[in-house]
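# Tertiary structure, described
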Amino acid sequence: MVFSNLFFLYVFLPLNIVLYFFARTNRTRNVIMVAFSLVFYAWGEPVWVVLLILTALLNWALALVMDSLRGSSGQKAALTAAVAVDLCLLGLFKYSGFLYENINGLLGTSFQGPGFTLPIGISFYTFQIISYMVDVYRGDVKAQRSYLKFLMYVTMYHQLVAGPIVRYRWIAEEIDNRTVDTQDIWGGFCRFCVGLTKKVAVANVAGQLASRFLDGDLSRLSSMGALLGMLLFSLQIYYDFSAYSDMAIGMGRIFGFHYNENFRYPYTATSVTDFWRRWHISLSSFFRDYVYIPLGGKYSHQMRNICIVWLLTGLWHGASWNFVLWGAYYGLLLIFEKQFLLARLSRLPRAVGILWSWVAVFFGWSLFYYTDLSRLGGFLMALLGGGAGFTDPAVGVVLLNNILWLCLAILFCAPILPAIRARAEAVPPQRQYRIVIAQAGLCGLMLIISTALLVGQSYNPFLYFRF
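Residues numbered from 1 in each chain as written. Predicted model: local features only at pLDDT ≥ 70, side-chain atom pairs only at ≥ 80, totals over all residues. Heavy atoms only, no water.

Below, the discussion takes up the overall build of the protein. Secondary structure summary: the protein contains 18 helices and 0 strands in total. Relative to the globule expectation of 23 Å for 467 residues, the C-alpha radius of gyration of the protein, 23 Å, shows essentially globular dimensions. Its C-alpha atoms put the protein at 70 × 65 × 50 Å along the principal axes. Sorting the 467 residues of the protein into buried and exposed places 51% on the buried side. (Helix = DSSP H or I, 4+ residues; strand = E, 2+ residues; numbered from the N terminus. Rg over C-alpha atoms; globule rule 2.2 N^0.38 Å. Buried < 20%, exposed > 50% of the residue type's maximum accessible area, 1.4 Å probe, protein only.)

Encoded structure:
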């Protein structure tokens, strides 16, 4: 089940909201939230929901052990055991096939891997659990005494299968004691509608158009076709993932949880370093706080630490050599910027930094898109003019039919909506009702348009479900 699904929109979510707000106590609401979250997860992964429950149970118990053994060597042993189990499970399900494939390629053997299907969202909830365990070990939070509440933290369907990675300490108070007011419910609904529209009206359309250029015979792809195709994919992955985060944050607010922002208009970044402060912030901050800084950060072996972080970041995104290359590419870019470029960019016009960031990220997405390295080579050849020439009729047709949509999609990569919101908030109180009416009308229109598009669309993936 995905958020941009008619059954989810008009049956699952409304039923959850009604039962949740008819419940009189937070304990009953917690039970309802856990039940709906497990049903949501089991809808796509009926087998692995047991793994999720047992993983949460093990970590909950070991966190309590850490709390009881605070200050002793047993505390560190409990943390080590928990993290080892979590990472072994992630490695078994996500990377065992990749390992067998490479062993067979190197040795000419024919070993058979376990053949597991990848549990949806395992990379997200594993990191979420690890952040909790480390924070309990450090004393940043107290271990949650209630297994029900901890299970709710791990399984909340708003952000379970595609993030953002929510740290326990950010919502610990709301897990134990939360209230919901009409402003939160309304703000959450509006944020959800924005995310749904980004997903259905932009990401899905961009993905369909991109596949025309990127998934066919690359020897017949022109340079302009390669450029346009990767531009469309760049829009697809941004609008797809940021849409999911918008919807997750919106639903969280409806139910009384306030998740941190996961995107801050990354395509307006003035450097690659700035881009990764704006893109998938919850993942970048996880690696910063739980890997980079413990290794020594910028104070001890900084270049080594960056390389390790970006090797892990690449592997986190997928068990494939293209993701290793993608991680290495960004690691080298960030080292280059820190050593030579950032000081120079700061003295140049902002537009120069944005252009540099766009070019660097654009090339990075080509490494990300093609898991088959031979097809990656074919795409790069086409981009550099070794395919079907400079342009072809398909480029003109796509541009002619979608030029207004494309311009708007690029325009809204900039912080247009926050600027509109700021102007609305500046309206005098006696005229605020007009803003509310306009907001209600716009949200209703977005919901109608998204529903109409979903009725006729068969292409409706969430790219980050595979992580």
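Under the defined criterion, the tally for this structure stands at 13 salt bridges. In this structure, Arg167 and Asp289 form a salt bridge, with 2.8 Å as the shortest nitrogen-oxygen distance. Remark: Asp289 occurs in helix 11 (residues 281–295) and Arg167 occurs in the loop between helix 6 (147–155) and helix 7 (168–176); sequence separation between them is 122 residues. When sorted by exposure, Arg167 lands in the same class as Asp289, which is buried. A salt bridge links Arg191 to Glu261, with the nearest nitrogen and oxygen atoms 2.7 Å apart. With a gap of 70 residues between them, Arg191 in helix 8 (residues 182–214) and Glu261 in the loop between helix 9 (223–254) and helix 10 (272–278) connect regions that are remote in the sequence. Look at Arg191 and you get partly exposed, because its relative accessible area is 22%. For Glu261, a relative accessible area of 40% translates into the label partly exposed. Put simply, Arg191, Lys198, Asp246 and Glu261 are held in one network by salt bridges that share partners. (Salt bridge = Lys/Arg side-chain N within 4 Å of Asp/Glu carboxyl O.)

Relative to the 46 Å expected for 32 residues at 1.5 Å per residue, helix 9 spans 46 Å between its end C-alpha atoms, a close match to the ideal helical length. Within two residues after helix 9, Gly256 carries a phi angle of roughly 100°, on the positive side. (Expected span 1.5 Å × (residues − 1).)

Turning our eyes to something else, we now look at the packing of aromatic side chains. In the structure shown here, the tally under the stated rule is 58 aromatic pairs. Geometrically, the ring pair formed by Phe124 and Trp316 is edge-to-face, given 5.1 Å between the ring centres and 80° between the ring planes. Placement of the pair is Phe124 in helix 5 (residues 122–138) and Trp316 in helix 12 (residues 302–317), with a sequence separation of 192 residues. Taken individually, Phe124 and Trp316 each receive the classification buried, so the pair is uniform in this respect. (Phe/Tyr/Trp six-rings, centres within 6.5 Å; stacked < 30°, edge-to-face > 60°.)

Applying the stated criterion to the full structure yields 0 disulfides. Lacking any disulfide linkage, Cys443 is separated from the closest cysteine sulfur, that of Cys190, by 3.2 Å. Relative accessible area serves as the criterion here: at 3%, Cys443 is assigned to the buried category. (Disulfide = S-S within 2.5 Å.)

Viewed as axis vectors pointing N to C, helix 3 (residues 49–68) and helix 4 (residues 73–107) meet at an angle of 165°, and their least axial separation amounts to 8 Å. Between helix 3 and helix 4, the angle is such that the two are roughly antiparallel. Seen from above, helix 3 lies across helix 4 with left-handed handedness. Contact residues: Leu51, Thr55, Leu58, Asn59, Leu62, Val65 and Met66 in helix 3; Gln75, Ala78, Leu79, Ala81, Ala82, Val85, Asp86, Leu89 and Phe93 in helix 4. Partitioning the contact of helix 3 with helix 4 into residue classes produces 12 nonpolar, 3 polar and 1 charged. (Axes fitted to C-alpha atoms, helices over the stretch in contact; angles between N-to-C directions. Parallel < 35°, antiparallel > 145°, perpendicular 65-115°, else oblique. Left-handed = near helix turned anticlockwise from the far one by under 90°. Contact = heavy atoms within 4.5 Å. Nonpolar A, V, L, I, M, F, W, Y, C, P; charged D, E, K, R; others polar.)

Its place among the elements puts Glu174 in helix 7. Buried within the structure, Glu174 lacks any salt-bridge partner; its nearest side chain of opposite charge belongs to Arg178, at an N-O separation of 7.6 Å. What Glu174 contacts, discounting residues up to four positions off in sequence, is Gly256, Phe257 and His258. (Lys, Arg positive; Asp, Glu negative; His and termini not counted.)

It is worth spelling out the environment of Gly163 at this point. As for its position among the elements, Gly163 is in the loop between helix 6 and helix 7. Residue class for Gly163 comes out buried when judged on its relative accessible area of 0%. Taking the C-alpha atoms as reference, Gly163 lies 8.2 Å from Tyr125; in sequence the two are 38 residues apart. Not counting residues within four places of it along the chain, the set of residues in contact with Gly163 comprises Phe124, His158, Tyr244 and Ala248.

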